Amino acid sequence: RGFEQSVEVGGFYTTDDWFFIGAKYIAGYRFNKTLFVGGGTGFEFEVWDGIATIPVFANAKAYIGNWRLTPFIGLSIGGRIDLTNDLPNDHGYTIKPFGIYCDPHIGVEYRIKRYAFNLKLGWSLVNYIDYYDGETGTESGPSLNIGVKF
């Protein structure tokens, strides 16, 4: 079906009280009514600690049906570049300078002529380093994004 691109805004909240908000641009190719494969990048900002990151990721989406309101499942996976890796939060953690970006998600897309609006729920991951002892770990939490495809 051709080239598609979208812009999304949203955020996610982790179990360690990190709250990220941001925007993403995704572009790729829709092979048929079911399969989209592409890539994206964006900017995310952690509200409480002022951490800024740039996710760079591959994106795949499978549409379930072909209606005006169509559900889908997807996966975005790649890396997260930290722009502020020397700043620990209140717990002594900082984001890894380059960590994993992973966001499995489900959602719905509502088509209006050549545009489509989407709402998706997912589960995002953040890799961190304990600033004081160097140990690493992963935090995760729910994500919510809205977007427009054009």
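So, a few notes on the structure that sits alongside this text. Residue indices begin from 1 for each chain and proceed along its sequence in written order. Selection of residues for local features in this predicted model requires a pLDDT of at least 70, selection of side-chain atom pairs for listing and counting requires 80 or more, and totals for whole chains, interfaces and linings are taken over all residues. The side-chain figures draw on all heavy atoms in the structure; neither hydrogens nor water molecules are used.

## Some thoughts on the packing of aromatic side chains
We call Phe, Tyr and Trp rings a pair once their centres come within 6.5 Å, taking the six-membered ring for Trp, and we label the pair stacked below 30 degrees between planes, edge-to-face above 60, and tilted otherwise. For the coordinates displayed, the defined rule picks out 7 aromatic pairs. With a centroid separation of 6.5 Å and an interplanar angle of 80 degrees, the aromatic rings of Trp18 and Phe20 are classed as edge-to-face. For the pair shown, Trp18 and Phe20 are each scored as buried. A centroid spacing of 5.0 Å and a plane angle of 25 degrees characterise the contact between Phe57 and Tyr101, whose relative ring orientation is stacked. Taken as a pair, Phe57 in strand E4 (residues 52–63) and Tyr101 in strand E7 (residues 98–112) lie far apart in primary sequence, 44 residues in all. Here Phe57 and Tyr101 have matching classes, each one buried. Just above the ring of Tyr63 sits the side chain of Arg30; from NZ or CZ to the centre is 3.8 Å. Whether a charge lies above a ring is judged from NZ of Lys or CZ of Arg, which has to be within 6 Å of the ring centre and within 35 degrees of the ring normal. Geometry around Phe20 places Arg80 over its ring, the cationic atom sitting 5.8 Å from the centre. The rule is simple: take the accessible area with a 1.4 Å probe, protein chains only, and divide by the maximum for that residue type; under 20% is buried, over 50% is exposed, in between is partly exposed. Numbering of helices and strands runs from the N terminus, with a helix taken as a DSSP run of H or I at least four residues long and a strand as a DSSP run of E at least two residues long.

## Some thoughts on the pairing of strand E3 (residues 35–46)
Along E3, the buried face is formed by Phe36, Gly38, Gly40, Gly42, Glu44 and Glu46; none of Leu35, Val37, Gly39, Thr41, Phe43 and Phe45, which line the opposite face, is buried. Each pair of strands is called paired provided DSSP finds at least two bridges between the two strands. Taken together, the 11 bridges between strand E2 (residues 19–30) and E3 define a ladder with antiparallel strand orientation. The residue bridging Lys24 from the neighbouring strand is Gly42, located in E3. Where E2 folds back onto E3 in an antiparallel hairpin, the turn is made up of 4 residues. In the sheet, E3 pairs with E4 via 9 bridges, with the strands oriented antiparallel. Along E4, the bridge assignment pairs Phe45 with Ala52. A loop of 5 residues connects E3 with E4, the two strands running antiparallel in sequence, and Gly50 in this loop sits at a positive phi of about 70 degrees.

## Examining the environment of Ala58
Within the secondary structure layout, Ala58 lies in strand E4. Along the sequence, Ala58 and Val37 sit 21 residues apart, while their C-alpha atoms lie 7.7 Å from each other. In this analysis, two residues are considered to be in contact whenever any of their non-hydrogen atoms come within 4.5 Å of each other. Leave out the neighbours within four places in its chain, and Ala58 touches Gly38, Gly39, Leu75, Ser76 and Ile77.

## Structural notes on unusual backbone geometry
Residue Lys113 is not a glycine yet carries a positive backbone phi of 55 degrees. For Lys113, a relative accessible area of 82% corresponds to the exposed category.

## Examining the pattern of salt bridges
Any carboxyl oxygen of Asp or Glu within 4 Å of a side-chain nitrogen of Lys or Arg constitutes a salt bridge here. The tally for this structure, following the rule as stated, stands at 6 salt bridges. With a closest N to O distance of 3.4 Å, Lys149 and Glu4 form a salt bridge. Within this pair, whereas Lys149 is found in strand E9 (residues 136–149), its partner Glu4 is found in strand E1 (residues 2–13), the two being separated by 145 residues in sequence. Taking the relative accessible area as the measure of exposure, Lys149 reaches 11% and is therefore buried. Taking relative accessible area as the criterion, Glu4 reaches 12% and is therefore assigned buried. A cluster of three or more residues bridged by salt bridges with shared partners is formed by Glu4, Arg30, Glu109 and Lys149.

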